[in-house]
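Structural overview
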Amino acid sequence: MSDSYREVTRTSWFGRIGNSIGGVVFGLLLILAMIVGLFWNEGRAVQTARSLAEGAGIVVSVGAERIDPGKEGSLVHVAGRVTTDQEPADLAFGITAEGIRLERKVEMYQWRQKASSETKKKLGGGEETVTTYSYDRSWSAQPIDSGSFKKPEGHQNPAMRYRSQDFQIAAAKLGAFDLDGQVLGRIGGGQEVPITPGLLPSIERAFTGGEPLSIADGRIYLGDNPATSRIGDYRIAYRLVPLGTVSLVARQAGTGFAPYQTEAGDRLLMVETGTVAPEKMFADAVTGNTVLTWVLRIGGLVLLMVGFSLIMRPLGVIADVIPFLGSLVRMGTSAVAFVLAVLVGFTTIAIAWFWYRPLLSIALIVIALAAAWVVGRLGRRQAAEQAPA
């Protein structure tokens, strides 16, 4: 049985025009959404920056060995070693470890569909698309719905009975302080935990499934033979977030911690592994805010370009009566869409700056105008000095 399937679809010129008109509506909605999103992103960035600046100015470092009632409700920085008498456990496979969180990653060997298309324009504006669907087998942590395949026959995936899951302890101590789930869940630094053959007896006692079970490459393997995987086989790996030293910035609340509500609007609860000074934690948070702001800006600009391209798409389709002419028109509309995306995007960002940071915006404009005046004056003076007497 072939592991590929070929499909040929043809669309008339009028059908393509109708589809492109539908794309115009989606393009308009996308542009509107991106304008709102870019505006919101600037407000989010300003609020977070102000909240971090506020927090950095009032945070107080306290020792973990005793709780000072006088710091109740204050934004505090605490560093120390996490201790607990609990152990995270995956009872389904009998795996326990000493740490904060045990993370089970389950992958199933499944059929996967890949699609590649080649489209050719026809004289008169029609279009022919040849799509080739190919099928191969691979490990996936997510179930792949083989029912949606173009050629499901011979490529059926069974239901995924075992899934990835995290097993976290309910509570721990940081010196005299209590740590609950919301703090423990923010502690990272997971490390691979290899499953050794010596654990096989305890795993077999806990496992209630019917699949053959073995250990291969530091993982639990469910299937007949790890060397020749079959559809429906599983491999299960583990990561462990170990006990260790952590640093956190939060509101001291009784014997534990809670998010600190800043006047600027954000709630602060930061956790990092290791002994990290509060200045470094806030600097890391500022960097993260800057990176996120630029990622959202660039993403918004790209989607704005997509929206404008969809709006102008009917022009290219109409010109496709002569395929070469349609290609030229699309090149032009792509350039126009890029320019419009930049103009609308940066205009939106500029307006947001005026809205959220009016004084800073005015100061930057004054500086820019002053710099332009100085450069222009120097340029005219240099030109006058070089001119013949």
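**Details of the overall build of the protein chain**
When its secondary structure is counted, the protein chain shows six helices and 19 strands. Taken over C-alpha atoms, the radius of gyration comes to 30 Å for the protein chain, far larger than the 21 Å a tight globule of 389 residues would show. Projecting the C-alpha coordinates of the protein chain onto the three principal axes gives extents of approximately 85 × 70 × 40 Å. A buried classification covers 36% of the 389 residues belonging to the protein chain. Counting only contacts in the protein chain whose residues sit at least 6 apart along the sequence, the fraction spanning at least 24 positions is 71%.

**Re a nonpolar patch on the surface**
Taken together, the side chains of Leu123, Val321, Ile322, Phe324, Leu325, Leu328 and Met331 make up a nonpolar region of the molecular surface, amounting to roughly 740 Å² of accessible area. Along the chain, Met331 falls in helix H5 (residues 323–356). Taking the relative accessible area as the measure of exposure, Met331 reaches 59% and is therefore exposed.

**A closer look at the side chain of Ser247**
Structurally, the position occupied by Ser247 is in strand E15 (residues 245–253). A distance of 2.7 Å separates a polar side-chain atom of Ser247 from the backbone oxygen of Gly274. Side-chain polar atoms of Ser247 contact the backbone nitrogen of Val276, separated by 2.8 Å. Leaving out residues up to four positions away in the same chain, Ser247 has contacts with His77, Val78, Ala79, Met270, Val271, Glu272, Gly274, Thr275, Val276 and Met281.

**Remarks on the environment of Ala370**
In this structure, Ala370 sits in helix H6 (residues 358–386). Given the relative accessible area of 39%, Ala370 is considered partly exposed. The spatial distance from the C-alpha of Ala370 to the C-alpha of Glu107 is 61 Å, given a sequence separation of 263 residues.

**Description of the nonpolar core**
Residues Val82, Leu174, Leu179 and Phe257 are the most contacted members of the largest nonpolar core, which totals 22 residues. Broken down by secondary-structure element, the contributors of at least two residues to this core are strand E3 (75–83), strand E9 (172–174), strand E10 (177–179), helix H2 (181–184) and E15. Listed in part, the 19 residues of the second largest apolar core include Ala97, Leu102, Met108 and Met160.

**What to know about the environment of Gly126**
Position of Gly126 relative to the elements: it lies in the loop between strand E6 (101–121) and strand E7 (127–140). Judged by relative accessible area, which is 15%, Gly126 ranks as buried. Along the primary structure Gly126 and Val317 are separated by 191 residues, whereas in three dimensions their C-alpha atoms are 9.1 Å apart. Among residues more than four places away in sequence, those in contact with Gly126 are Thr11, Ser12, Trp13, Arg16, Lys120 and Lys121.

**Some remarks on the side chain of Thr129**
Here Thr129 is to be found in strand E7. One polar contact links Thr129 to Thr119, side chain to side chain, over a distance of 3.2 Å. The residues touching Thr129, leaving out its near neighbours within four places in the chain, are Glu7, Val8, Thr9, Ser117, Glu118 and Thr119.

**Focus on the packing of aromatic side chains**
Applying the stated rule across the entire model yields 11 aromatic pairs. Seen in terms of ring centroids, Trp139 and Tyr221 are 6.1 Å apart; in terms of plane orientation they differ by 80°. Their pairing is edge-to-face. Remark: Tyr221 occurs in strand E13 (residues 219–222) and Trp139 occurs in strand E7; sequence separation between them is 82 residues. When the centroid spacing of 6.0 Å and the interplanar angle of 50° are considered together, the rings of Tyr162 and Phe207 count as tilted. Here the residue Tyr162 occupies a position in the loop between E7 and strand E8 (165–168), and Phe207 occupies one in the loop between helix H3 (200–206) and strand E12 (213–216), the gap between them amounting to 45 residues. On the basis of relative accessibility, which here comes to 15%, the residue Tyr162 falls in the buried class. A connected cluster of aromatic rings, assembled from ring pairs, spans Phe93, Tyr162, Phe207 and Tyr234. A cation sits over an aromatic face here: Arg297 above Trp294, 4.5 Å from the ring centre.

**A closer look at the confidence of the model for the protein chain**
On average, residues of the protein chain carry a pLDDT of 90, and 94% of them reach 70 or more. Here H6 is the element of the protein chain with the lowest mean pLDDT, 67, and strand E17 (residues 260–261) is the one with the highest, 98.

**Here we look at the pairing of E12**
Two elements, E12 and E13, share four bridges in a ladder whose sense is antiparallel. Bridge assignment links Ser214 to a residue of E13, and that residue is Tyr221. Where E12 folds back onto E13 in an antiparallel hairpin, the turn is made up of two residues, including Asp217, whose phi is positive at roughly 55°.

Scoring rules and cut-offs
Residues numbered from 1 in each chain as written. Predicted model: local features only at pLDDT ≥ 70, side-chain atom pairs only at ≥ 80, totals over all residues. Heavy atoms only, no water. Helix = DSSP H or I, 4+ residues; strand = E, 2+ residues; numbered from the N terminus. Rg over C-alpha atoms; globule rule 2.2 N^0.38 Å. Buried < 20%, exposed > 50% of the residue type's maximum accessible area, 1.4 Å probe, protein only. Contact = heavy atoms within 4.5 Å. Patch = residues over 30% accessible without salt bridge, like charges linked within 9 Å, V, L, I, M, F, W, Y side chains within 5 Å. Areas by Shrake-Rupley, 256 points an atom, 1.4 Å probe, with all protein chains shown as cover. Salt bridge = Lys/Arg side-chain N within 4 Å of Asp/Glu carboxyl O. Polar contact = N/O pair within 3.5 Å; in protein donor to acceptor, adjacent residues only side chain to side chain. Core = buried A, V, L, I, M, F, W, Y, C linked by side-chain atoms within 4.5 Å. Phe/Tyr/Trp six-rings, centres within 6.5 Å; stacked < 30°, edge-to-face > 60°. Lys NZ or Arg CZ within 6 Å of the ring centre and 35° of its normal. pLDDT = per-residue confidence, 0-100. Pairing = 2+ DSSP bridges.

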